Amino acid sequence: MKSLRLGAFGAAVTTLSLLSLLTGCGPDDGLLHVSGTVTLDGQPIENGSISFMPVNGGSMGGGLIENGQIDARSAPGEMAVQIHAHKTVQVKNPTQEQIERGLTEETVSILPAPYNQQSKLRINVDSSNHHFDFDLKKDGSIPEGMGIR
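Residues numbered from 1 in each chain as written. Predicted model: local features only at pLDDT ≥ 70, side-chain atom pairs only at ≥ 80, totals over all residues. Heavy atoms only, no water.

### Describing the overall build of the chain
Here's step 1: Within the chain, the regular secondary structure consists of 2 helices and 10 strands.
Here's step 2: Secondary structure elements of the chain, listed N to C terminal, follow the sequence β-α-β-β-β-β-β-β-α-β-β-β.
Here's step 3: Counting every position in the chain, which comprises 149 residues, the buried fraction comes to 38%.
Here's step 4: Nonlocal contacts in the chain, meaning residues at least 24 apart in sequence, comprise 66% of its contacts between residues at least 6 apart.
Here's step 5: With an accessible surface of roughly 8500 Å², the chain has 51% of that area assigned to carbon and sulfur atoms. (Helix = DSSP H or I, 4+ residues; strand = E, 2+ residues; numbered from the N terminus. Buried < 20%, exposed > 50% of the residue type's maximum accessible area, 1.4 Å probe, protein only. Contact = heavy atoms within 4.5 Å. Areas by Shrake-Rupley, 256 points an atom, 1.4 Å probe, with all protein chains shown as cover.)

### Concerning the pattern of salt bridges
Here's step 1: Per the stated rule, a full pass over the model turns up 2 salt bridges.
Here's step 2: Salt-bridge contacts for D135 lead to K137; the nearest nitrogen and oxygen are separated by 3.4 Å.
Here's step 3: Take D135: its relative accessible area is 36%, and that puts it in the partly exposed class.
Here's step 4: For K137, a relative accessible area of 30% puts it in the partly exposed group. (Salt bridge = Lys/Arg side-chain N within 4 Å of Asp/Glu carboxyl O.)

### Concerning the confidence of the model for the chain
Reading predicted coordinates in detail is not appropriate for stretches of low pLDDT.
Here's step 1: Per-chain confidence: the chain averages 84 in pLDDT, with 81% of residues scoring 70 or above.
Here's step 2: Confidence drops under pLDDT 50 across residues 1–13; counting only partners more than four residues distant or on other chains, this segment forms 19 contacts.
Here's step 3: Within the model, the stretch residues 15–26 combines pLDDT values under 50 with 15 contacts to residues more than four positions away or in other chains. (pLDDT = per-residue confidence, 0-100.)

### Describing the packing of aromatic side chains
Here's step 1: Throughout the structure, instances matching the rule amount to 1 aromatic pair.
Here's step 2: Judged by centre distance (6.5 Å) and plane angle (40°), the rings of F132 and F134 are tilted. Here F132 and F134 have matching classes, each one buried. (Phe/Tyr/Trp six-rings, centres within 6.5 Å; stacked < 30°, edge-to-face > 60°.)

### Structural notes on the environment of F132
Here's step 1: Structurally, F132 can be placed in strand β10 (residues 131–136).
Here's step 2: In this structure, the C-alpha to C-alpha distance between F132 and M146, residues 14 residues apart in sequence, is 9.6 Å.
Here's step 3: With residues near it in sequence (within four places) discarded, F132 still touches V34, S35, G36, T37, I70, I123, N124, V125 and M146.

Here's what the structure looks like:
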């Protein structure tokens with residue numbers, strides 16, 4: 001059994017919510033396919049999720065990140081972007097109770113807050129601009145052209 005921190009749980013709920021919103025979306029729903037890559041210090045994000053929240057109102061979108069590749073949908077317009085990615089690590093100095101209960105691993109976020117809970121990422125999605133490469137850094141700096149306008 002693994003222990004989840006609230007941040008990982010919140011990201012999972014967000015991802016599931018987005019996927020449920022997108023279920024059944026077809027070509028006439030007004031959403032555009034969004035592709036691209038997500039790396040952290042040059043390394044592809046293995047697994048994660050990406051959310052698009054319209055800055056000026058409208059439909060939310062999002063999708064998954066696998067092997068650094070984005071497969072998502074978004075309404076056109078200026079979008080605030082949240083990216084979540086996690087990894088499983090060993091609990092440092094687990095208590096005897098944690099060991100007995102099999103709670104020696106936990107899931108932690110690998111991305112700094114400016115990419116998710118405190119996102120400063122912004123993109124403009126339209127029919128001619130729907131491929132984005134997010135070159136993220138451990139210091140939380142915002143890639144050029146993807147900041148709050």
